[in-house]
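# Inside the fold
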Amino acid sequence: MNDDPLPLTCMRRIILSLLFFLLFFSSQAQPCLYLDSLSNGSYLPECLMAFTDSAGTRTIDQLRLADFRPTGTSHPNFGTDGLTHWLTFTCQNKPNLARQFVIEVDIVYADEMSLYVMDGATIIKRIEHDSWRVPLWNREIPSRYFAFLLNLQPHQVVRVFIRAQESSGTLITPIRIWEKTAYEYYYATETTILILPAVILLFIATAGFVLFLTSHKRIWFFYAVQALGTAVYNLNIEGVLAHYAPEPFNQIKGYALGASVCFIANLLFTQEYVYRRLPQPIQWLKWACYAAVGVQSCWFLYVLFTPFQERTADIALIITGITASFTFIYLLSCLARGSYEARLYLLAIAPFLFIVVVRVLNSANLIATQDWHYYLRYYAPLSEIIVLGVGVINQLIREREATLIKLSQTKKAIIMALDSERERISADLHDDLGGVIASINHQLTQSLQANSFEELRQKLQHIQQVTTQVGDKVRTIAHNLMPPDFEQIGLVDSAQQLVHSLNDPRFRFFVFGEPKRFSPDIELNIYRILSELIHNAQKHAQAQHFLVQFLYHKDTLTLVVEDDGIGNRLPKKKKEREGIGLRNIASRVNYLHARWLTEATAQGTTTLVEIPYEN
C-alpha cells in the first residue's frame with residue numbers, strides 16, 4: 001500500500017486553484033471603473049454591486065463576492081428595512097501618476113457607514129463605525145455627507161467595500177468618486193446653493209416675528225412659523241442640524257418635525273389670508289381646516305416623544321400627501337368663490353406642484369433625474385414664502401387704504417352729526433326758549449302798565465313760573481349735551497339721570513348684568529346715542545310706554561330702547577325729520593365699531609345697539 005500523501009496534496013492544490021479561478025472570474029465579471037478625469041464626479045451605475053446581510057454579523061473577512069448582485073443603478077434604495085447592506089466596486093487609477101480621490105456617499109443620516117479598500121487580498125484602508133453622530137471635525141473629510149479619501153498609485157487597481165445601515169429611516173446610498181480638488185470645490189458650491197434658501201428663510205422668519213410683535217397681527221406669526229419650519233426641514237435634510245442643533249432636531253426625525261410645524265402654520269396662515277377674505281364663507285371648509293391642524297398637531301407630538309421607527313417615515317409621507325392635497329382642494333374651493341388671495345396662493349405653490357409632477361415622472365422613469373430637480377426642492381418653498389409675503393403686504397396695504405377711506409367717511413359723518421346737533425340745539429333754543437323769552441318780555445311790558453299792586457304781583461308770579469320753565473329747558477338741553485359729573489358717575493348713572501330728568505312716567509330704565517366701564521370718549525358717544533334714541537322716540541313714537549335697558553354680556557354691551565307707539569305707521573314727513581337724528585346715530589355706531597338694528601312693526605319699535613368691549 002502506498003502511503004505517499006503527494007496525490008492528496010496535488011488534489012488540494014488543484015481544488016484551490018479552481019476556487020481562485022472562480023473567484024477571479026467572478027471579480028473580473030464586474031466592470032471596473034477607470035479613474036481618469038473626474039472633475040464632475042462619477043456615479044457607478046454599471047460597476048456597483050450589493051449584498052444584504054440579514055443577520056448583520058458578517059465582517060469584511062467573511063464576505064463572498066458570489067453573494068453580491070449588480071444594483072443596476074447609481075442610487076441604490078434599500079428602503080426602511082433597517083438591515084445591514086454591503087456595496088462593492090473595483091476601480092483603477094488609469095493615468096501614470098499617483099492621485100488623490102474622494103469616495104462620497106451622498107447621505108446624511110446613517111447609523112453606520114464603514115469603508116474598506118483592498119489591494120488584492122490586503123486591506124490597505126479601513127474606516128469603521130462612522131455615523132451621523134460623529135462630529136464633522138472627527139471625520140477624515142469634514143463633510144455633512146460621508147466622504148472618504150482614496151490614495152492610488154499609477155495603474156493601481158483596488159476593490160472598495162462599503163457597509164451601511166440605517167434603523168430609523170430610508171437608506172439610499174448614491175456613491176460618487178471625485179478628484180480631491182474637484183470635490184472640495186463641489187462641496188463648497190453645493191453647500192452655498194443648498195443652504196442659502198434656509199438662510200433666507202430664517203431671515204424672513206425673523207422679520208415675520210418682528211412684524212407680529214409690532215403690529216399684533218396673527219397672520220405675521222403664522223407666516224414666520226411657516227418660514228421657520230421650512231428652514232428647519234431644509235437644514236435637517238442637508239445635515240446641518242445633525243451636527244449643530246440640539247435634540248430632537250439634530251436627529252432624522254427633525255425633518256418630520258419641521259414639515260409638521262410648516263404645515264400647521266401653513267393651514268392657519270391660509271385661514272387668515274384666504275378664508276377670512278372670502279365674500280361668502282364656507283363653514284365646512286373652515287372646520288375641515290381646523291381638523292387638519294389637529295391631525296398635524298397630534299402627529300407632531302407623536303414624532304416628538306416617540307422613537308423614529310421604520311414605519312414613521314412612511315406615515316409622515318402619507319400625512320404630508322393628504323395635507324398637501326387638502327390644501328390644494330381648499331384653495332380651489334376658495335377660488336371658485338372668487339377669492340383673489342386663493343389665486344395668488346395657487347400661483348405661489350405652482351413650483352411645489354411642479355416638483356411633485358417631476359418626482360412622479362422620475363419615479364416612473366419617464367424623464368431622467370437632473371441636478372436642478374434636486375435644487376428646486378429647496379428653492380420652490382422659498383419662492384412660495386416670498387410670494388405669500390408680498391401678497392400679505394399688498395393685502396395689508398389695501399386694508400389700510402380701505403380703513404383710511406372709512407375713517408375719512410366716519411370723520412365726515414361725525415362732522416355732519418355735530419352740525420346737525422348744532423342745528424337741533426339752535427332749533428330747541430329758538431322754538432322752546434325763543435318763544436318763552438318773548439313771552440317773558442311781553443309780560444314785563446304789561447307789568448309796567450299794571451294799575452294796582454295786586455295786578456303787578458300776579459304778573460310777576462306768572463313771569464316767575466315761565467322763568468322756571470326756561471331753567472328746566474336749559475338744564476335739559478345741557479344734560480343732553482354733557483350731563484354734570486359724567487366722567488365721575490359713569491355711563492349707567494348718567495343714563496339713569498337722563499331718563500329721570502324727562503319727568504315722564506312713561507319711561508322705565510333697567511340694567512342687567514355687571515356694568516363695565518369704557519373709556520370716557522366711548523361712554524360719551526354711547527350716551528349721545530341713547531339721548532338721540534330717547535329724543536326721537538319721545539317726539540315721534542306717540543307711545544304709551546317706553547323701556548330703556550342696558551344689557552351687559554361677556555363681550556358686549558347691548559343698548560335697547562323699546563316703545564309701543566305707531567312704529568312703521570310713522571308718516572313720511574316725520575320719517576324725513578327723524579332721519580337726521582338716525583344719521584347722527586349711524587355715524588356714532590360706525591365710530592364705535594358697533595352693530596345697530598331697528599325693527600318697526602304696527603305694535604311699536606325696538607332698537608338695539610351692540611357695542612363690543614374691545615373698543
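Residues numbered from 1 in each chain as written. Predicted model: local features only at pLDDT ≥ 70, side-chain atom pairs only at ≥ 80, totals over all residues. Heavy atoms only, no water.

Across its full length, the protein chain holds 14 helices and 16 strands. Burial status across the protein chain gives 45% buried among its 615 residues. A separation of at least 24 residues holds for 73% of the contacts in the protein chain among residues at least 6 apart in sequence. Accessible surface computed for the protein chain: about 33,100 Å², of which carbon and sulfur atoms make up 60%. (Helix = DSSP H or I, 4+ residues; strand = E, 2+ residues; numbered from the N terminus. Buried < 20%, exposed > 50% of the residue type's maximum accessible area, 1.4 Å probe, protein only. Contact = heavy atoms within 4.5 Å. Areas by Shrake-Rupley, 256 points an atom, 1.4 Å probe, with all protein chains shown as cover.)

Here we come to the pairing of strand S7 (residues 112-119). Extensive coverage of S7 is indicated by the burial of seven of its eight residues. Two strands pair when backbone bridges link them, and S7 and strand S10 (residues 157-165) are joined in this way by seven bridges, in the antiparallel orientation. Counted as the bridge partner of Ser114 is Arg163 from S10. Sheet topology note: the S7/strand S8 (residues 122-130) ladder contains six bridges and is antiparallel. Bridge assignment links Met113 to a residue of S8, and that residue is Asp130. (Pairing = 2+ DSSP bridges.)

Bringing a nonpolar patch on the surface into the picture now. Taken together, the side chains of Phe328, Leu332, Phe352, Leu353 and Val356 define a hydrophobic patch exposed on the protein surface, amounting to about 360 Å² of accessible area. Listing elements by their share of the nonpolar patch, those giving two or more residues are helix H7 (310-336) and helix H9 (350-363). With three residues, H9 is the single largest residue contributor to the nonpolar patch. Inspection of the secondary structure assignment puts Phe328 in helix H7. (Patch = residues over 30% accessible without salt bridge, like charges linked within 9 Å, V, L, I, M, F, W, Y side chains within 5 Å. Salt bridge = Lys/Arg side-chain N within 4 Å of Asp/Glu carboxyl O.)

Do not read the predicted coordinates in detail wherever pLDDT is low. Mean pLDDT over the protein chain works out to 81, with 83% of the residues at or above the 70 mark. Predicted confidence for residues 1-9 stays below pLDDT 50, and this span has zero contacts to residues more than four positions away or in other chains. Segment residues 574-578: pLDDT under 50, and seven contacts once partners within four positions in sequence are set aside and those in other chains are kept. (pLDDT = per-residue confidence, 0-100.)

Let's shift gears to the pattern of salt bridges. Within the structure shown, the criterion is met by 18 salt bridges. Its salt-bridge partner being Asp67, residue Arg64 comes within 3.1 Å of it at the nearest N-O pair. Lys180 serves as the salt-bridge partner of Glu184, at 2.6 Å between the closest nitrogen and oxygen. Taken as a pair, Glu184 and Lys180 lie in helix H2 (residues 180-215) at a separation of four residues, close to a single helical turn. Because the salt bridges share partners, they merge into one network encompassing Arg58, Arg64 and Asp67.

All right, on to the sheet that holds strand S13 (residues 546-552) then. Sheet architecture is open: five strands sit in the order S12-S13-S14-S16-S15, paired in mixed fashion. Pairing within the sheet leaves two strands with one partner each, and these edge strands are strand S12 (507-512) and strand S15 (595-601). On average, adjacent strands in this sheet sit at an angle of 10° to one another, irrespective of strand direction. Sheet topology note: the S13/strand S14 (residues 556-563) ladder contains seven bridges and is antiparallel. Following the sheet pairing, Val548 is matched in S14 by Val561. Contacting S12, S13, S14 and strand S16 (604-612), helix H13 (residues 520-540) crosses the sheet at an angle of about 10° to S14. (Axes fitted to C-alpha atoms, helices over the stretch in contact; angles between N-to-C directions.)

This part is about the nonpolar core. Ranked by size, the top nonpolar core spans 37 residues in total, and within it Phe269, Tyr273, Tyr330 and Tyr345 carry the most contacts. If you list the elements that add at least two residues to this core, you get H2, helix H3 (218-237), helix H5 (254-273), helix H6 (283-305), H7, helix H8 (340-348) and helix H10 (371-448). Setting aside residues no more than four positions away along its own chain, Tyr345 makes contact with Gln226, Asn266, Phe269, Thr270, Tyr273, Val274, Leu331, Glu384 and Leu388. Membership of the second largest hydrophobic core comes to 34 residues, among which are Leu498, Phe507, Ile526 and Leu533. (Core = buried A, V, L, I, M, F, W, Y, C linked by side-chain atoms within 4.5 Å.)

With that settled, consider H5. For H5, which comprises 20 residues, the first-to-last C-alpha distance of 28 Å matches the rise-based estimate of 28 Å (1.5 Å per residue) to within 8%. Of all 20 residues making up H5, 19 are buried, and the element is well covered by its neighbours. (Expected span 1.5 Å × (residues − 1).)

By the definition in use, this model includes 25 aromatic pairs. Cluster of aromatic residues (ring-pair linked, three or more members): Tyr145, Trp178, Tyr183, Tyr186 and Tyr187. (Phe/Tyr/Trp six-rings, centres within 6.5 Å; stacked < 30°, edge-to-face > 60°.)

Let us now look at the side chain of Asn234. Assignment of secondary structure puts Asn234 in helix H3. When neighbours within four sequence positions are excluded, Asn234 is seen to be in contact with Pro197, Ala198, Leu201 and Tyr378.

Locating Ala98 in the fold gives a position in the loop between strand S5 (84-93) and strand S6 (99-105). According to the relative accessible area criterion, Ala98 is partly exposed, its value standing at 44%. For Ala98 and Pro154, which are 56 residues apart along the polypeptide, the C-alpha to C-alpha distance reads 5.1 Å. Sequence-distant contacts of Ala98, defined by excluding residues within four places in its chain, comprise Asn93, Leu152, Gln153 and Pro154.

On to the pairing of strand S11 (residues 175-179). For S11, the tally of buried residues reaches four of five residues, placing the bulk of the element in the interior. As defined by bridge partners, strand S2 (residues 42-43) adjoins S11 across two bridges and the pair is classed as antiparallel. Residue pairing across strands places Tyr43 opposite Arg176, the latter belonging to S11. Bridge count between S6 and S11: five bridges; the pairing is antiparallel. Bridge pairing in S11 links Val102 to Trp178.

A separate point is helix H12 (residues 486-501). Its 16 residues give H12 an end-to-end C-alpha distance of only 15 Å, which falls more than 12% under 22 Å, the value for a rise of 1.5 Å per residue. Maximum bend of H12: about 75°, positioned at Val492. Among all positions in H12, only Phe486, Gly490, Leu491, Val492, Ser494, Ala495, Leu498 and Val499 are buried. Positioned one or two residues after H12, Asn503 has a phi angle of 55°, which is positive. (Bend = angle between axes of the 7 residues up to and from the residue.)

What follows is about unusual backbone geometry. Notably, His216 is not glycine yet its phi reads approximately 60°, a positive angle. Inspection of the secondary structure assignment puts His216 in the loop between H2 and H3. On the basis of relative accessibility, which here comes to 65%, the residue His216 falls in the exposed class. For Asn503, which is not a glycine, the phi torsion comes out positive at approximately 55°.

Tracing the chain through its elements places Lys253 in the loop between helix H4 (240-244) and H5. Judged by relative accessible area, which is 6%, Lys253 ranks as buried. In terms of polar contacts, Lys253 uses its side chain to reach the backbone carbonyl oxygen of Val303, at 2.9 Å. Among the polar contacts listed, one links the side chain of Lys253 to the backbone oxygen of Thr306, at a separation of 2.8 Å. In contact with Lys253, not counting residues within four places along its chain, are Pro248, Val303, Leu304, Thr306 and Phe308. (Polar contact = N/O pair within 3.5 Å; in protein donor to acceptor, adjacent residues only side chain to side chain.)

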